[in-house]
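The primary structure of each chain is shown beneath.
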Amino acid sequence: MFEGLSDKLSAVFDRLRQRGTLNEADVGEALREVRLALLEADVALPVVKSFIAAVRDRAIGAEVIRAVAPGQQVIKIVNDVLIEHLGGEGAVKLALNAPPPVAILMVGLQGSGKTTTSGKLALRLVKREKKRVLLASLDTQRPAAQLQLAQLGQSAQVPSLPIVAGETPTVIARRALEAGRREGFDIVILDTAGRLAIDEELMAEVQAIRAATNPAETLLVVDAMTGQDAVNTARAFNEALGITGIILTRMDGDARGGAALSMRAVTGAPIKLVGVGEKLDALEEFHPERVAGRILGLGDVVGLVERASETIEQEEAEKLAAKIAKGRFDLDDYAAQLRQINRMGSISGILGMLPGANKLMGKIDESKLDKTVFKRQGAIIASMTRIERRTPEILKASRKKRIAAGSGTTVQEVNRLLKQFDEMSGMIKRMNKLGQKGLMRHGIGALMPGRRPPF
Amino acid sequence: MALGFISRLKEGLARSTQKLTSGLAGVLTRRKLDDEALAELEDLLITADLGPAAARRVIAAFRRTRFGREVSEAEVKESLAQEIAAILAPVARPLTPDPAHKPHVVLVVGVNGTGKTTTIGKLALAWREAGLSPMLVAGDTFRAAAVEQLQIWGERVGAPVITGPANTDAAGLAFDGLARARAEGADVLLIDTAGRLHNKSALMEELRKIIRVLRKQDATAPHSVLLVLDATTGQNAIEQVRVFKEMVDVTGLIVTKLDGSARGGVVVALAETFALPVHAVGVGEQAGDLRPFAASAFAAGLVGLERA
């Protein structure tokens, strides 16, 4: 997410760490680097200036000079100010406490991802909050935009307002709320056409929609790749509509995402959600302290654990636990593990959440980093017979040759897979030997056979 | 054409430049160009998305010739625009389909939401008006209703649109499109693709597959690979261009949404870094809102210079 900025700040602070004491000049030098890094990360200039001023105020003077480890102290100050500027600790929930149907108005520039996000938000509210949601597209500008939302609704299994050709956005909005009332929906998501903040006619139109629907949330959808213009857009939409929250999209890209800081600073509205992928469930809460942690290279372990616990299916996990308890772990289970890793998202996304991993990531060509190895391993296992999967010991040369041919791989790859499987099942056997209590006493380290486990 | 174009581009850029203009006026009306003034100028370029490095380079060049002089606002703007126009001039190259190719195959790529489909509609119209027969391939088989969106553009501009069922293989569709374009003697084949983030390797690999498959019919295809960039994008545009260029050999850029408040200053950094041609700019949602990219007009717009 914010790897680039992490690298920059790590470089600055590595130098700081090597020095015993800090003076004003040191802080000044560090802050110049921070300023540059923030600008390269597309944080808007006025926001950079206020951020730097806030850090300088706290860094120069007693706090730092008396500190035991001045470098660490500066890191902490930058981190604290970053969290404050991003909105303080913890995720901010959507405010949905209003008499139903609660209207949510989605606004933003063209191509920021409003329609996709509307679909994701609907799915999220249905799945997590058990709400009855109606989707309605007021986008009469872009060709097929209404159809797009209807199709997204279909894939999310969320009803959408029937399209009536020729209606104006305000008329559609009224009809949507009327349908919401009549048919007992909790929430009506109103997706609007993309518009430029300087387009007075279209801004007046969305103001009229707002007045007609009195939304509980007016969410500004912003591309994480946005540059300096983030401040202009945020200010104009906020002045015209009173933004209640921001959704940052395409956070799965490699943009440094400085727009997050800019938007928050200009509107004062919290960033409530972030889009992290093209799939409909790729919408997550925004945690300022985690993002700040990533900026500073501290990693986002909490986010990783959360994502893992959500994607690993309970049922599969229980089945696996039962098998492990019995000391049986076969290639079918291994394949299930591969599928779960696939579900967790891109490797770079997972790596990015690990502390210190951003340094490693710099050395890996991200565009070439992929999960094809897992896919290939899945294919190898799929080319085995059921008996082979249950008792991999019977796999000898001719069976391996057949499997390699069947899966479009090589015997070497089949061997590599079997070796990894061996290591993993060895680990599981040791785990069983230790038992739950032993595991608690000796920690995970007791499982390691001296070699790195496959995952 | 040239006169009309400049006034139309100015119209599109006028609003974008208002803030920079008033900023410059405030900073530099008859004032000595000292360190402080230059630092403020550098800041103004940064707010136009030039990026800190490119802004520093432009100002450094400016400092050599102008430092310490008493300058008026108009002088500063004029010379700053010249400085930037000189960087942009080599990349201002329009895209003209090569009649030697039947059809000239244009693959249109970019990250999500930059305006690929809209740009294809606009290009198709421009080429139809130039007397060519364009054909479109609805290669975004992933995003909901992307096919329908292109079909509507096809109807608007009078160009046939090749489509397949949802989630079809885009490469196969492109192959069929090229076969049909050859059979029917189309002059240009515009292939739309799904938006993809450049750091998703599997999706980038899909684009390469489209190219491989096209080459089975025409070893020289695609003749143009256009990367569509959103002017509101900040410094990440550099990474976008780098990766797309490396993966699919981008031949030129189109910068969209220049009618907004974003100034697209990253184009200056892109010109310095990659020297890829910038063929056109998008300045609105209508079919006619595509303009050739002109260095001096763009630079003048960037610094808020009014030219008679």
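Further up the page is the structure itself.
Residues numbered from 1 in each chain as written. Chains lettered and ligands numbered in written order. Predicted model: local features only at pLDDT ≥ 70, side-chain atom pairs only at ≥ 80, totals over all residues. Heavy atoms only, no water.

Chemist: Would you take a moment to explain the interface of chain B and chain A for this structure?
Modeler: Frequently, the measure chosen for interface size is the accessible area that the parts lose on association. Facing the 45 residues of chain B at the interface are 41 residues of chain A. When the buried area of chain B at its contact with chain A is split by residue, N199, S261 and E285 of chain B rank highest and sum to 14% of it. There are three salt bridges connecting chain B and chain A. Linking R35 of chain A and D43 of chain B is a salt bridge whose minimum nitrogen-to-oxygen distance equals 3.2 Å. Counting the contacts that link chain B with chain A gives 16 residue pairs in polar contact (both at pLDDT 80 or more). Of all the elements in the fold, those that place two or more residues in the side of chain B that touches chain A are α1 (2-28), α2 (35-47), α3 (52-66), α6 (146-157), α8 (201-215) and α9 (236-248) of chain B. Ranked by residues supplied to the side of chain B that touches chain A, first place goes to α9 of chain B with six residues. A breakdown of the residues in the side of chain B that touches chain A according to their chemical character gives 13 nonpolar, 16 polar and 16 charged. (Contact = heavy atoms within 4.5 Å. Buried area = accessible area lost by both parts, 1.4 Å probe. Salt bridge = Lys/Arg side-chain N within 4 Å of Asp/Glu carboxyl O. Polar contact = N/O pair within 3.5 Å; in protein donor to acceptor, adjacent residues only side chain to side chain. Helix = DSSP H or I, 4+ residues; strand = E, 2+ residues; numbered from the N terminus. Nonpolar A, V, L, I, M, F, W, Y, C, P; charged D, E, K, R; others polar.)

Chemist: Looking at this model, I keep getting lost on helix α5 (residues 116-129) of chain B. Mind explaining?
Modeler: Spacing of three or four residues puts side chains on the same side of an α-helix, whose turn is 3.6 residues. All names here are of chain B. Along its 14 residues, α5 runs 20 Å from first to last C-alpha, staying within 8% of the 20 Å computed at 1.5 Å per residue. For α5, the set of buried residues is K116, T117, T118, T119, I120, G121, K122, L123, A124, L125 and W127. A positive backbone phi angle near 90° is found at G131, which sits one or two residues after α5. (Expected span 1.5 Å × (residues − 1). Buried < 20%, exposed > 50% of the residue type's maximum accessible area, 1.4 Å probe, protein only.)

Chemist: Help me out: how do you make sense of the environment of T410 of chain A in this one?
Modeler: Within the secondary structure layout, T410 of chain A lies in the loop between α20 (397-407) and α21 (411-442). For T410 of chain A and I380 of chain A, which are 30 residues apart along the polypeptide, the C-alpha to C-alpha distance reads 9.4 Å.

Chemist: Can you help me understand the sheet that holds strand β5 (residues 245-249) of chain A in this one?
Modeler: The pairing of strands in a sheet comes from backbone hydrogen bonds and takes either a parallel or an antiparallel form. Residue and element names in this part refer to chain A. Pairing is mixed in the open sheet, where seven strands are placed in the order β2-β3-β1-β4-β5-β6-β7. At either end of the open sheet lies a strand with only one pairing partner, and these are β2 (133-137) and β7 (283-285). The mean inter-strand angle of the sheet, taken between neighbouring strand axes irrespective of direction, is 25°. Bridge analysis of β5 against strand β6 (residues 271-275) gives three bridges, and the strand direction is parallel. Across the sheet, residue L248 finds its bridge partner in β6, namely V274. Sitting on the sheet, helix α6 (residues 114-129) touches β1 (102-107), β2, β3 (187-191), β4 (217-223), β5, β6 and β7, and the angle it makes with β3 is about 170°. (Pairing = 2+ DSSP bridges. Axes fitted to C-alpha atoms, helices over the stretch in contact; angles between N-to-C directions.)

Chemist: Sorry if this is basic, but what is going on with the sheet that holds strand β4 (residues 134-137) of chain B here?
Modeler: Residues and elements named next belong to chain B. Strand order in this open sheet of eight strands is β5-β4-β6-β3-β7-β8-β9-β10, and the pairing throughout is mixed. Only two strands of the sheet have a single neighbouring strand rather than two, namely β5 (161-162) and β10 (290-292). The sheet contact formed by strand β3 (residues 104-109) and strand β7 (residues 224-230) spans four bridges and is parallel. Within β7, the residue paired with V108 across the bridge is L226. Contacts from α5 reach β3, β4, β6 (188-191), β7, β8 (252-256), β9 (278-282) and β10 within the one sheet, and its direction differs from that of β6 by about 170°.

Chemist: Which parts of the structure should I look at to understand the packing of helix α8 (residues 169-182) of chain A against helix α9 (residues 200-213) of chain A?
Modeler: In a pair of packed helices, the angle between the axes and the distance between the axes together describe the arrangement. Residues and elements named next belong to chain A. In contact at an axis separation of 9 Å, α8 and α9 are set at 20° when each is read in the N-to-C sense. Judged by the angle between their axes, α8 and α9 are roughly parallel. You can see that α8 and α9 cross each other, and the crossing is right-handed. Each of P169, T170, A173, R174 and L177 in α8 lies in contact with α9, whose residues at this interface are E205, A208, I209, A212 and T213. (Parallel < 35°, antiparallel > 145°, perpendicular 65-115°, else oblique. Left-handed = near helix turned anticlockwise from the far one by under 90°.)

Chemist: In this structure, what is going on with the nonpolar core? I would like to understand it.
Modeler: Most often, soluble globular proteins keep nonpolar side chains buried together rather than apart. Within the largest apolar cluster, 142 residues are counted, with the highest numbers of intra-cluster contacts made by F51 and F237 of chain A together with L50, I84, L88, F244 and L253 of chain B. With residues near it in sequence (within four places) discarded, L50 of chain B still touches L45, A55, V58, Q235, G265, V266, V268, A269 and L302 of chain B. (Core = buried A, V, L, I, M, F, W, Y, C linked by side-chain atoms within 4.5 Å.)

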